[in-house]
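The chain contents come next:
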Amino acid sequence: MADEDFTVIIGLEVHCQLDTASKLFCGCSADFRADAPNTHVCPVCLGLPGALPVLNKKAIEYALKVAKALNCRIPEEGEFCRKNYFYPDLVKAYQITMGDNPLALGGYIEIEDDAGNPKVVNLTRIHVEEDPGRLVHMGNKERGHYTLVDYNRSGIPLIEMVTEPELSSPKEARRLLNKLRATLEYLDVFDPEKEGSIRVDANISIKGHERVEIKNISSYKGVEKALTFEITRQKNLIRRGGTISRETRHFQEGKGTTTSARSKEVANDYRYFPEPDLPVIRVSDWVEKIALPELPDARRDRFMSQYGIAVNHARTLTGDLHLAEFYELVAPVGAQIAASWVADILIGELNYRDMPLSKVTSHADQFKELIILVRDQKITDKAGVEVLRVWLDSLQTEGAPESPAGIVARLGLTRESGESFRGIVEKILAENPQPAADHKAGKKGALNFIVGQVMKETKGKSDPREIHAMIAEILGE
């Protein structure tokens, strides 16, 4: 069977920890990550006999905020249930979650498909549930000596957002997660910097075959890698005449592979029944009172109309709340040049260094100084990139960072007029006659080598456009 005969079907279950001050059903602090294990616990989140849960109102408000932003319908009634299963970090041997009566139904997220066309991915539901505890394996998973259980995380409020199986590729799945993350960040309901704040279960199948679930993937890049591996595994198995088993698999981050964990449970295995210690919730009338902030799509459209920037820059800049806010800080020095430098250059340099944007935002005035130097043609674009790299390196050292103007002066990167480099251009043309001959013969881009050599010789002080013009003049064009 040819590759193109396979149709990939993907659905996601995205779990987000809500950034409330206390847990979902008790008053224990939800800010536990810097503290010792099992220090944020009480009879309720430890599941001790006789302890009764009390619902956290703020968690429900946050969940409704997400539901409204994602265009969901809020039913008249929602109901908590007990989902029964045994696992060492589930102290009660059941999880309080929502079954047939979730907090929100339907909704959708707009993304782009792999061809760049608009695509609407529908949601099935959003429900609220408690997080289990955390297992800490002492040693590696293959030869672990023993496992410890930390219940600090037990009872942290989660929302689970379930999509319809409408995604067609790992890249679409990652785009949806990026869009969802940005929306949650704009809503200020979670902290993306906290470990485990978002976890993903991915369901994937080849059309006509059984579905496989990949559990607890902790990064967006991990989701894309896990799905890519699983698609290849399933296709190869089908080609060999094998059968896809309905099962749960784990993603091995270090190896980039998935491994079988157990056969996939069905709803009946969990023996759902209504939580007797919590009443039915009726919160549909709260929705009208919830005010939403400017969300990513709205800010993208505003950036295009207000600043006149291209759609690709607007989409990149608004895909992260802090990046959008930083851009608006530096846009007054020149909206379009600032968009290009932030979206095209700064992000790449930060990613290369694994450096957070927060290191730069506290020195926004110096970044503006760099853009002004380029805008006013005091330095070339090439020199500007070199200055940016030196400046970013100085931000990572102790003490005050070196200013862009100081870096330009120290490295002698001040732009000089193209005419002062005429001798260099003539010399390089004379030493390299073939590119000029190729250019005269109509070969496109043949002179780029000459321009590059001039830029190298002049240490980035010359402008490539001026060099191109000078070469054309020398060649009699």
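Refer to the structure above for everything that follows.
A quick note: this is a predicted structure, and the numbers were derived from the prediction, not measured.

Q: Now, about helix 3 (residues 220-239): what can you tell me, with residues and values included?
A: With 20 residues, helix 3 ought to run about 28 Å at 1.5 Å a step, and its terminal C-alpha atoms sit 29 Å apart, in line with that. Three or more residues of helix 3 are buried, namely Tyr220, Gly222, Val223, Glu224, Ala226, Leu227, Glu230, Ile231, Arg233, Gln234, Lys235 and Ile238. Buried residues along helix 3 sit against strand 1 (8-17), helix 2 (170-187), strand 10 (198-206), strand 11 (212-217), strand 12 (247-252) and strand 13 (257-263). The N-capping residue of helix 3, defined by a side-chain oxygen 2.8 Å from the backbone nitrogen of Gly222, is Ser219. Immediately downstream of helix 3, the backbone of Gly241 shows phi near 85°, a positive value.

Q: Let's hear about the side chain of Thr163: which residues, and what values?
A: Along the chain, the position of Thr163 falls in strand 9 (residues 157-163). Those residues in contact with Thr163 that lie beyond four places of it in its chain are Gly11, Leu12, Val121, Asn122, Leu123, Thr124 and Leu176.

Q: Please provide a residue-by-residue account of the packing of helix 9 (residues 364-375) against helix 10 (residues 381-395), values included.
A: Taken N-terminus to C-terminus, the directions of helix 9 and helix 10 make an angle of 165°; their axes are 9 Å apart at the nearest point. It follows that helix 9 is roughly antiparallel to helix 10 by the angle criterion. For the element pair helix 9 and helix 10, the recorded crossing hand is right-handed. Within the contact between the two elements, helix 9 uses Gln366, Phe367, Leu370 and Val374 and helix 10 uses Asp381, Gly384, Val387, Leu388 and Trp391. The class makeup of the residues in the contact of helix 9 with helix 10 is six nonpolar, two polar and one charged.

Q: Give me the pairing of strand 10: which residues, what numbers.
A: Counting buried positions along strand 10 yields nine of nine residues, so the element is predominantly enclosed. What you see with strand 10 is no split at all: Ile198, Val200, Ala202, Ile204 and Ile206 on one side and Arg199, Asp201, Asn203 and Ser205 on the other are buried throughout. With nine bridges joining them, strand 1 and strand 10 adopt antiparallel strand pairing. What sits directly across from Val14, in strand 10, is Val200. Pairing analysis gives four bridges linking strand 10 to strand 11, with the strands arranged antiparallel. The residue of strand 11 that forms the bridge with Asn203 is Glu213.

Q: A description of the nonpolar core should follow, citing residues and the corresponding values.
A: If you look at the biggest cluster of nonpolar residues, it comprises 108 residues, and the most contacted ones within it are Leu12, Ile126, Met161, Tyr327, Leu346 and Phe367. Counting residues per element, this core draws most heavily on helix 7 (residues 335-353), which supplies nine residues. Ile428, Val454, Ile471 and Leu475 belong to the second largest nonpolar core, which has 13 residues in total.

Q: Explain helix 2 residue by residue, including any values.
A: For helix 2, spanning 18 residues, the distance from its first C-alpha to its last is 26 Å, which sits close to the expected 26 Å at 1.5 Å a residue. Most of helix 2 sits inside the fold, with 14 of its 18 residues counted as buried.

Q: Outline the sheet that holds strand 14 (residues 273-274), supporting the account with residue identities and numerical values.
A: Here three strands make up an open sheet; going across it, the order is 3-2-14 and the pairing antiparallel. At either end of the open sheet lies a strand with only one pairing partner, and these are strand 3 (94-98) and strand 14. Of the strand pairs in this sheet, strand 2 (residues 80-84) and strand 3 are connected by five bridges, and their pairing is antiparallel. Bridge pairing links Arg82 to Ile96 in strand 3.

Q: Describe unusual backbone geometry, with residues and values.
A: Positioned with a positive phi, Asn71 is a non-glycine residue whose angle comes to about 65°. Position of Asn71 relative to the elements: it lies in the loop between helix 1 (57-69) and strand 2. Backbone geometry at Arg271 places phi at a positive 50°, although glycine is not the residue there.

Q: So what's going on with the pattern of salt bridges? Which residues, and what values?
A: Within the structure shown, the criterion is met by 35 salt bridges. For Glu77, the salt bridge goes to Arg282, with nearest N and O atoms at 2.8 Å. Residue Glu77 is located in the loop between helix 1 and strand 2, and its partner Arg282 is located in the loop between strand 14 and helix 4 (296-307); the two are separated by 205 residues in the primary sequence. With relative accessibility at 39%, the residue Glu77 sits in the partly exposed group. Judged by relative accessible area, Arg282 falls into the exposed class, the value being 54%. The partner of Arg181 in a salt bridge is Glu185, with the nearest N and O atoms 3.3 Å apart. A residue pair is termed a helical-turn pair when its members lie 3 or 4 positions apart in one helix, as Arg181 and Glu185 do in helix 2 at four residues.

Reading the values: the criteria
Residues numbered from 1 in each chain as written. Predicted model: local features only at pLDDT ≥ 70, side-chain atom pairs only at ≥ 80, totals over all residues. Heavy atoms only, no water. Helix = DSSP H or I, 4+ residues; strand = E, 2+ residues; numbered from the N terminus. Expected span 1.5 Å × (residues − 1). Buried < 20%, exposed > 50% of the residue type's maximum accessible area, 1.4 Å probe, protein only. Contact = heavy atoms within 4.5 Å. Polar contact = N/O pair within 3.5 Å; in protein donor to acceptor, adjacent residues only side chain to side chain. Axes fitted to C-alpha atoms, helices over the stretch in contact; angles between N-to-C directions. Parallel < 35°, antiparallel > 145°, perpendicular 65-115°, else oblique. Left-handed = near helix turned anticlockwise from the far one by under 90°. Nonpolar A, V, L, I, M, F, W, Y, C, P; charged D, E, K, R; others polar. Pairing = 2+ DSSP bridges. Core = buried A, V, L, I, M, F, W, Y, C linked by side-chain atoms within 4.5 Å. Salt bridge = Lys/Arg side-chain N within 4 Å of Asp/Glu carboxyl O.

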